[in-house]
Structures are given as C-alpha cells and as structure tokens.
Amino acid sequence: MCGIIGYIGNKEVVPILINGLKRLEYRGYDSAGICVLCKNKLQTLKKKGQIIELENELIGKEIVGTIGIAHTRWATHGEPNEINSHPHLDCKNKIAIIHNGIIENHFSLKKILEADGHKIISNTDSEIVAHLIEKFYNENLEEAVIKAIKYIEGTFGLAVICETEEKIIAVRRGSPLIIGIGDNEMFVSSDASAILEYTKKVIYINDNEIVTLTKNNYNVKNLDGNLVNSEVQEIKWNLNEIEKAGFKHFMLKEIYEQAKSIENTLRGRIRENKIKLSVDIDPKLINKIIITACGTSWHSALIGKYLIEKISGIETCVDYASEFRYRNPIIKNNDLLIAISQSGETADTLAAIRIAKNCKTLGIVNVVGSTIAREVDFGIYLHAGPEIGVASTKAFTCQVSALILFALHLRQELGLELDFGLINELILISGKINSILDKADKIQEISSHLKDAQNFLYLGRGINFPVALEGALKLKEISYIHAEGYPAAEMKHGPIALIDENMFVVFIVNRGEIFEKVVSNMQEVKARGGSIITITDCPDDEMIKKLSNFIISVPNTCEELSPLINVIPLQLMSYFVADAKGLNVDKPRNLAKSVTVE
Ligand code: G6P
C-alpha cells in the first residue's frame, strides 16, 4: 500500500531513491515519482506504471542532489496517472510531500484551501497535505508540518522536503515509518527493505511522532514539540534475503524457502520435551480465544481455530478483522485476542487489536518491530524472513506452524499430556515439504494444461477446508482465474450447479475418516463432466485413480499438519499457471502486499 523513501546525506540521491523504490515496489506499483532538492530548487519527475518506467524517464535528465523523497503508489483516491502520483507540491513548488495512508477529511480541507486561493490540481487526498503545510509555513518546516497535521483526519506516513531547508521531516499516524541511521546520511522509509543495504540501524517511529532528519543528525519529537527518547534497533535481515537468489520470481523463491522458514519458526521453541514460548498467559483463565486477520492470514486463523480447539479444548472463534472492528464484538476481560499478520501493518487487523482494550492480545507477526508487534501484549514472531511476493506463501505455512506451537503450549500449560507423535512429525515436516518441491516439474506440467481454464472450484474438508480457500485465493490473486474454495460437502448446496465440462475442481483428499465422503463428492463432479485435480496422500487408491484427471501425490502426515503439506502443490500450481500465462507473478494487478488503508 504505497511505499515511501527519503534520503539526506552526501551521496547522489537519485540512485538511492530508485533502488529503494524497487525494494518497496511490492507495496504498490501503479505509478511512481521522485523529488530532489537540486541547486536550491525542487525537481520532480513522476510516471505512470512501474518503477522501471520512472527510471527510464530519468535517463538524460539533470536531476542531481543529495536530498530527496520518492514514492511508489497503490491508488486509493484518483486514478493512476502522472498528476495523481506523488510527490505532490504546494502552489509555489517549494514544498513536496509523499504520503502513505488516507486523508479522510480531504474534501472539507480542499474547500477551505481553495477558498484561501490554493490551486489543487490532482484528484488525490494526499495533495491537500502539501497545501496545508504551505499555509502554515513560516521559515520552519517542522513547525508547519506539526500545525498542518492537526487538521488531518485519517492515516498517514508522510515525508516532506522544502526548497529552503536542508532537512527531511517525517511524521506518522497509522501508517508505518522507520528511519535509518547511516554515517553522515539518514533515511526514512515505509519499511526496512528499502534501506537495508545502507544501514541496519533503525528507529521505528510511533504514531504521532515527528522526525527531523539532517545529514548528520535526527530528532524525534511528539506533536507538542517535546523530544522523545527513541530506541535504535538493529535489523536482523540480510541483503540476500530480500533478493531473488536466482529464482525467476520472489514468489517461487519464497515457496522454496518454506522448509527452512518453518524450521526458523520452530527453532528453540521445542526443547526438552517442552514447548517454549514467551507467552505468559494462564490458559485456565482464558474464557474464549478470538482470532482476527485478513487475507491469507485469515485462512491461517481458520486452521488455528481447528488446531486450538482440538489440541487445547479452548473455544476459539475467527473473524475477518475488517468485520470485527465494526460490529461491536463481545469481548470479555478474560478473552484472548490473537491478531495474525505477516506485515504487522494491515490497517484492519491493527484496528481490531485497538478495540480489544479490555482483554489480552497476542500477535503472530512476521515483520519485527511492525506496529501490531509493538502494540500487542504478547507476540510470536514467525522468523520467516522477508516476504516480498505479493501473494503470501511462506508466511502462511509459518503462521500455521506458530499456531500449532501455540495450541501445544496451551495444552501444556493446562497440565495435559502432549502428543509427542505430533511434535516429532512437526520436526520432520520440512523434509516432507522438500520432497514435494522436488516434484515441482510434474506440477508444472499439470499446470500447463490449466492455464486457459476460466473457473476453478477448490474443495477440502475439516482442517483442509481453509487450505482449499487458500488454494483458490492464490490462483485468483496471481493468475486472474476465477476460483472459489468450499467445504467439499457444501458443494451440493450450490456450487454443484456450476459444474460442467469447463469446470476444473481441485480436491484435497487425505486418508482418514472422511476419505470416502470426499471420494463421493469427486464422483458427483465426474458425473457432471467436471475435470478433477486431486491432491492426495493416497495416489494409488483405485477410485482416486479412476476419478482424477490429474493426481498430485503428497507425503502422508498427521491431520493437524496436513495443511502444511497440502498447500505446497496448490501454491506451485498457481505460480506455474500464472507464469505460463506470462503474468507478473510478484506484482499482480490491483493488489498490494501490505494494506495499510481500510
Ligand atoms: C494483502 C496481501 C495478502 C495478505 C493480506 C493480509 O491482501 O496481498 O497476501 O494475506 O494483505 O496481510 P497481513 O500482512 O496482515 O498478513
């Protein structure tokens, strides 16, 4: 959801900003722009499309300087075009801003500013901010920004430069912002990936904090102008973790990283026959667990409900964060709210934990230092490493792994006996995942038959129903093929009407008590002419062989861990279908990795 980067130092700023934008491109990629303080004048260049278009446009242009800001956009207000791209400028081209978030009262502010004589040229909410700062500017940019944001309702991560001051001002409310501290150079960015190759020393800015950066110094203040003591933290990620390492796409690299990333989620957390999590909650006192999340993380949450209820016996419900926050949910003091989020910045998930003021909150988050991670009472980091592909893959399997650990932890703290068969199988799961990845060629071959399909149904049951949802989501996200996930037994209540010879149906069928029932559903599809792709640990079963057009065999595991296995071929299938269609897998249209607006 929009990426912002700013630099002040001694180096030529344009390459640093373009490089940073490329790292942030997963946050938004419909247009981009740059503004540099060049010979005491602000020089701005904007371009519709991806960063590469902006980069090409810069060739031969005399935009040089050592202070600048840049933005990659995911449009919320106003179509993606050059006028609506950031940076936005004031009337006199003396102040430039980049913004991530939504200015909710922009209509009323626009009227006031226009009545004051300001000329607002774009259709965005963000441009208002440049004019508001202009209105209050009196030779002190920091003061003008503080005054301006008092009038703003909504969310923002903002960076501002001005023609007459050698500094960058940055401020946030509700949208992520970090500053990077280098040697005689400072950075501001939406996230660490954009600055990692220059410095690992960062400060995570909190809501309602304003930062002034000069090339040798920084200060962080609250909006009353008082200095705030901010902790400098060290980023643990390495540069090679945010690069493609020879893979064609980040998504493919991240699919292949899953065995390792699950090991990282588990590392040190299963010791001496115990589950070790720093979650100091007495499960005997928990009334009910509420899990809230969005997108793929919501699918993990559904699996989490299944796991927690089965393993610990504690009642668990799951809510989309966007629904939870607006429906006056009943939250008791002794409930536990779990927020699952890869980025730790999803606006709806963040809002959900903020309304759960009367109960304890636990975050299952990947990005260290993200807002959700900082606002919850307890946390389980995934340690999955940076996930850059917009379609989430390794975060999903690490979230499920973390939820298994948490469910086991609850059981242990309730004084109940742990299932060591399950724990040993969890330790072995990485090897089984790798054995599926070793057969990626076969999945690619099957996918080549699917790329022209128009409609897919994904069917699974029990703990694998959310896997069916996730498989369908992956396919529609990156290949733009319509796909729906359903519990297999629900098929007869509607989706069966859609089945004809043009429908592809993906079944997840594991041995176990409902095996026969799912096979019956397969028969119903076959009888209506549908084509069946079966993900199964029983590839030699006669009925499976007879009913399936394609079979993808997966290793057998216990039911609780089966989502970790079954999702891998579904991720690969989506990837190969999208790639065969020649689509931009890592940057699917209209989507963004981190949705920091409602
Ligand atoms: C966006 C991403 C999804 C992600 C969802 C929730 O829609 O494209 O991949 O699952 O946000 O993100 P979170 O960071 O909260 O897990």
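Residues numbered from 1 in each chain as written. Predicted model: local features only at pLDDT ≥ 70, side-chain atom pairs only at ≥ 80, totals over all residues. Heavy atoms only, no water.

Q: Explain helix H13 (residues 420-437) to me, and be specific about the residues and the numbers.
A: For H13, built from 18 residues, the straight-helix expectation of 26 Å at 1.5 Å per residue is met to within 8% by its first-to-last C-alpha distance of 26 Å. Of all the bends in H13, the largest measures some 45° and sits at Leu-428. Of all the positions in H13, only Leu-422, Ile-423, Glu-425, Leu-426, Ile-429, Ser-430, Ile-433, Ile-436 and Leu-437 are classed as buried. Its side-chain oxygen 3.0 Å from the backbone nitrogen of Gly-421, Asp-419 forms the N-cap of H13. (Helix = DSSP H or I, 4+ residues; strand = E, 2+ residues; numbered from the N terminus. Expected span 1.5 Å × (residues − 1). Bend = angle between axes of the 7 residues up to and from the residue. Buried < 20%, exposed > 50% of the residue type's maximum accessible area, 1.4 Å probe, protein only. Polar contact = N/O pair within 3.5 Å; in protein donor to acceptor, adjacent residues only side chain to side chain.)

Q: Could you give me a rundown of the site of the ligand, with the residues and numbers involved?
A: Near the ligand, the surroundings consist of 14 residues, among which Ser-297, Ser-341, Gln-342, Ser-343 and Thr-346 are the closest. Note that an oxygen atom of the ligand is positioned 3.0 Å from one of the backbone N or O atoms of Thr-296. Ser-343 is positioned such that a nitrogen or oxygen atom in its side chain is 2.6 Å from an oxygen atom of the ligand. Contact with the protein chains covers 91% of the free accessible surface of the ligand, which is 390 Å². Looking at the shell around the ligand residue by residue, the class counts come to 4 nonpolar, 8 polar and 2 charged. (Near = heavy atom within 4 Å. Areas by Shrake-Rupley, 256 points an atom, 1.4 Å probe, with all protein chains shown as cover. Nonpolar A, V, L, I, M, F, W, Y, C, P; charged D, E, K, R; others polar.)

Q: Describe the sheet that holds strand E3 (residues 41-48), and please don't skip the residues or the numbers.
A: Within the open sheet, the 8 strands sit side by side as E3-E2-E4-E1-E10-E9-E11-E14. Their pairing is antiparallel. Each end of this open sheet is capped by a strand with a single partner; those strands are E3 and strand E14 (233-234). One ladder, built from 4 bridges, connects strand E9 (residues 178-181) with strand E10 (residues 186-189); its direction is antiparallel. When the bridges of E10 are listed, Ile-181 appears paired with Met-186. Here helix H1 (residues 13-24) sits on the sheet and contacts strand E1 (3-8), strand E2 (31-38), strand E4 (67-73) and E10; the angle it forms with E1, its principal contact strand, is near 155°. In this fold helix H2 (residues 51-58) packs onto E2, E3 and E4, with an angle of close to 130° to the strand it touches most, E3. (Pairing = 2+ DSSP bridges. Contact = heavy atoms within 4.5 Å. Axes fitted to C-alpha atoms, helices over the stretch in contact; angles between N-to-C directions.)

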